Amino acid sequence: MQDLNKLKSKILAEIKGAKTLSTLEDIRLSALGKKGRVTALLKELGHLSAEEKKTFGGALNQLKGDINSDLNAKREELEARALNTQLAEDKFDVTLPVEPEPEGRIHPLTQVLEEMMEIFAAMDFKIAEGPHIEDDFHNFTALNIPPEHPARQMHDTFYMKADQGGERKLLRTHTSPVQIRTMMSQKPPIRIIAPGRTFRSDSDATHTPMFHQIEGLVIDEFTTMGHLKGTIEAFVKAFFEVDDVKMRFRPSYFPFTEPSAEVDVGCDLSKGQVRIGGGNDWLEIIGCGMLHPKVLEYCNLDPNKYQGFAFGCGLDRLAMLKYGMPDLRPFFESDLRWLRHYGFRALDIPTIAGGLSR
Ligand code: DAH
């Protein structure tokens with residue numbers, strides 16, 4: 001019993017002297033843990049007589065209770081002290097200047113897309129969209145590109161694995177299938193632009209496997225090549241912000257238009273830079289034409305009643321031309337240095353694209 005009293009005062013003194021929560025925990029383990037001093041005595045109870053068990057057992061339980069209550073009191077005291085020290089040390093100076101927030105940039109492609117959408121919205125065009133994974137009918141056949149047509153080979157198409165029915169879906173090679181989807185789901189008059197991602201197995205300084213196009217489609221009862229020329233001219237002037245831009249419509253061939261043309265803009269390439277406007281050089285920027293009657297028929301529109309025109313161009317290419325970016329690949333590499341250099345500051349004004357996505 002005397003030993004027990006000694007042990008008690010020793011442990012209680014240890015508790016009293018503990019300076020940190022971790023020493024307190026060590027003390028608890030050394031007294032009440034599996035191999036603790038009090039635990040060892042409790043294990044010995046088995047060897048004692050019933051009478052001794054009663055007195056010694058009761059005293060041991062009393063000791064355990066005393067130790068626990070001292071431990072709890074000390075723990076509360078140490079926790080309160082730790083909190084007070086932290087509160088005292090955690091002062092901060094409210095007069096210090098604020099760290100500047102990192103400011104994002106608008107990607108040149110987003111910027112160009114917004115500019116284009118604003119220009120066409122002003123001419124009463126709506127935005128249309130279509131899927132990236134297309135079928136053969138919308139990407140080729142309905143655009144008058146039948147199975148053996150050489151244009152299919154020119155597109156370097158990414159094909160998916162054939163499905164159970166043997167159909168091979170593909171990644172759309174141009175935005176033109178959106179024309180088909182629009183004509184099949186809406187009634188003329190139609191006036192849309194369809195910007196979006198397109199895919200071809202192609203890669204060099206001016207080609208990436210994923211790129212962007214913008215498609216235009218107008219269908220009505222009296223649509224002529226004059227409307228096509230007027231629309232493209234208005235767009236080119238507004239987009240490049242030049243009034244006296246030279247343009248030429250060069251005869252060309254697309255399976256889905258007849259007649260077809262490619263639009264060149266006059267520019268100056270002489271000083272290692274592209275300047276749209278003056279100069280004696282030409283750059284091709286847009287493919288276009290009057291809708292082929294067969295395409296109208298595929299979409300269940302009567303070619304004797306409706307005519308229309310379509311155009312398509314590379315969005316990335318227009319961005320490169322307008323903002324003087326020589327290489328297309330960094331567009332999609334997410335290099336912050338490039339984005340900071342070529343990106344645009346966000347103005348806090350609502351834009352068409354912002355309005356659309358909301
Ligand atoms: N889809 C064509 C391409 O990817 C571009 C094009 C040319 C679209 C003429 C048109 C068009 O709508 O009329 O090369």
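Residues numbered from 1 in each chain as written. Predicted model: local features only at pLDDT ≥ 70, side-chain atom pairs only at ≥ 80, totals over all residues. Heavy atoms only, no water.

1. Some points on the domain arrangement of the protein chain
How big an interface is tends to be stated in terms of the accessible area lost upon association of its parts. Short version of the rule: Throughout, the edges of the domains are those of an automatic or database domain assignment.
As far as domains go, the protein chain holds domain 1 (2-89) and domain 2 (108-342). Using only C-alpha atoms to locate each centre, domain 1 and domain 2 end up separated by 82 Å.

2. What to know about the site of the ligand
As a reminder, the rule being used: Being near a molecule or strand, for a residue, comes down to having at least one heavy atom within 4 Å of it. Under this definition, polar contacts are N or O atom pairs within 3.5 Å; protein pairs additionally need one hydrogen-donor-capable and one acceptor-capable atom, and for neighbouring residues in sequence, both atoms have to be side-chain atoms. The method behind every accessible area is Shrake-Rupley, applied with a 1.4 Å probe, and residues are considered shielded solely by the protein chains displayed. Points on a 1 Å grid over protein atoms alone make up a cavity when a 1.4 Å probe fits among them but cannot get out, and a pocket when they form an open set with protein on both sides within 12 Å along at least five of seven lines; lining residues each have an atom within 4 Å of a point. Put plainly, a molecule is in a cavity or pocket when over half of its atoms are within 2 Å of the grid points there. Helix and strand definitions follow DSSP, with helices as H or I runs of at least four residues and strands as E runs of at least two, each counted in order from the N terminus.
By nearness alone, 15 residues border the ligand, and His174, Ser176, Gln179, Arg200 and Glu215 come closest of all. Interatomic distance of 2.9 Å between a side-chain N/O atom of serine 176 and a nitrogen atom of the ligand. Between the ligand and the protein, one listed contact pairs an oxygen atom with a side-chain N or O atom of glutamine 213 at 3.0 Å. Coverage of the ligand by the protein amounts to 89% of the 360 Å² it exposes when considered alone. Mapping the ligand onto the cavity grids shows that it belongs to the largest pocket. Where the shell around the ligand is concerned, the elements lending two or more residues are strand 6 (210-220), strand 10 (281-291) and strand 11 (307-314).

3. Some details on helix 11 (residues 315-323)
Condition: Here the term buried applies to any residue with accessible area under 20% of the maximum for its type, exposed to any over 50%, and partly exposed to those in between, with areas from a 1.4 Å probe on protein chains only. Only heavy atoms matter for contacts: two residues are in contact if any of them lie within 4.5 Å across the pair.
With 7 of 9 residues buried, helix 11 is to be regarded as a mostly interior element. All of the buried residues along helix 11 are Leu315, Asp316, Leu318, Ala319, Met320, Leu321 and Lys322. Those residues of helix 11 hidden inside the fold are in contact with helix 5 (108-122), strand 6, helix 9 (225-240), strand 10 and strand 11.

4. Quick word on the side chain of threonine 157
The residue threonine 157 is located in the loop between helix 7 (150-154) and strand 3 (159-162) in this model. Ignoring sequence-local partners within four residues, the contact set of threonine 157 consists of Phe140, Arg152, Leu170, Leu171 and Thr173.

5. Quick notes on the sheet that holds strand 3
Sheet strands line up and pair through hydrogen bonds in the backbone, either parallel or antiparallel. The cut-off we apply is this: A strand pair is defined by DSSP finding two or more bridges across the two strands.
Reading across from one edge, 2-4-3 is the order of the 3 strands in this open sheet, with antiparallel pairing throughout. Of all strands in the sheet, those bounded by a partner on one side alone are strand 2 (133-134) and strand 3. When strand 2 meets strand 4 (residues 168-171), the two strands line up antiparallel, connected through 2 bridges. Bridging across to strand 4, glutamate 134 finds its partner in leucine 170.

6. As for the layout of surface pockets
This is how it is decided: Grid points are joined across faces, edges and corners, and a volume is the space filled by probe spheres set on the points. Polar here means any residue outside two lists: the nonpolar Ala, Val, Leu, Ile, Met, Phe, Trp, Tyr, Cys and Pro, and the charged Asp, Glu, Lys and Arg; Gly therefore counts as polar.
Approximately 1,200 Å³ is the volume found for the largest pocket. Lining the largest pocket we find 46 residues, and of these Gln213, Glu284, Cys313, Gly314 and Arg317 sit closest to its centre. For the lining of the largest pocket, the elements supplying multiple residues, two or more each, are helix 7, strand 6, strand 7 (247-254), strand 8 (257-268), strand 10, strand 11 and helix 11. Ranked by residues supplied to the lining of the largest pocket, first place goes to strand 10 with 7 residues. Residues belonging to the lining of the largest pocket are distributed by class as follows: 21 nonpolar, 18 polar and 7 charged.

7. Here's the deal with the environment of alanine 319
Tracing the chain through its elements places alanine 319 in helix 11. Each C-alpha atom of the pair alanine 319 and serine 185 lies 31 Å from the other, and the pair is 134 residues apart in sequence. In contact with alanine 319, other than residues within four places in its own chain, are Val112, Gly324, Met325 and Phe331.

8. What about the state of the cysteines?
Put simply, the rule is: Cysteine sulfur atoms are paired as a disulfide whenever they come within 2.5 Å of each other.
This structure, assessed with the given rule, holds 0 disulfides. Free cysteine cysteine 299: the closest other cysteine sulfur is in cysteine 288, separated by 19 Å.

9. Brief notes about the pattern of salt bridges
Basically, it comes down to this: In what follows, salt bridge is the name for a side-chain nitrogen of Lys or Arg lying within 4 Å of a carboxyl oxygen of Asp or Glu.
Enumeration according to the criterion identifies 19 salt bridges in this entry. With its nearest N and O atoms 2.8 Å apart, the salt bridge here joins aspartate 66 to lysine 8. Taken as a pair, aspartate 66 in helix 4 (residues 50-89) and lysine 8 in helix 1 (residues 2-17) lie far apart in primary sequence, 58 residues in all. Residue classification places lysine 8 among the partly exposed positions, given a relative accessible area of 27%. Notably, a salt bridge pairs aspartate 268 with arginine 275, separated by 3.6 Å at the nearest N-O pair. A residue is classified by how much of its surface remains accessible, and aspartate 268, at 12% relative accessible area, is buried. Three or more residues are tied together by salt bridges with common partners; here these are Arg248, Arg250, Glu262 and Asp264.

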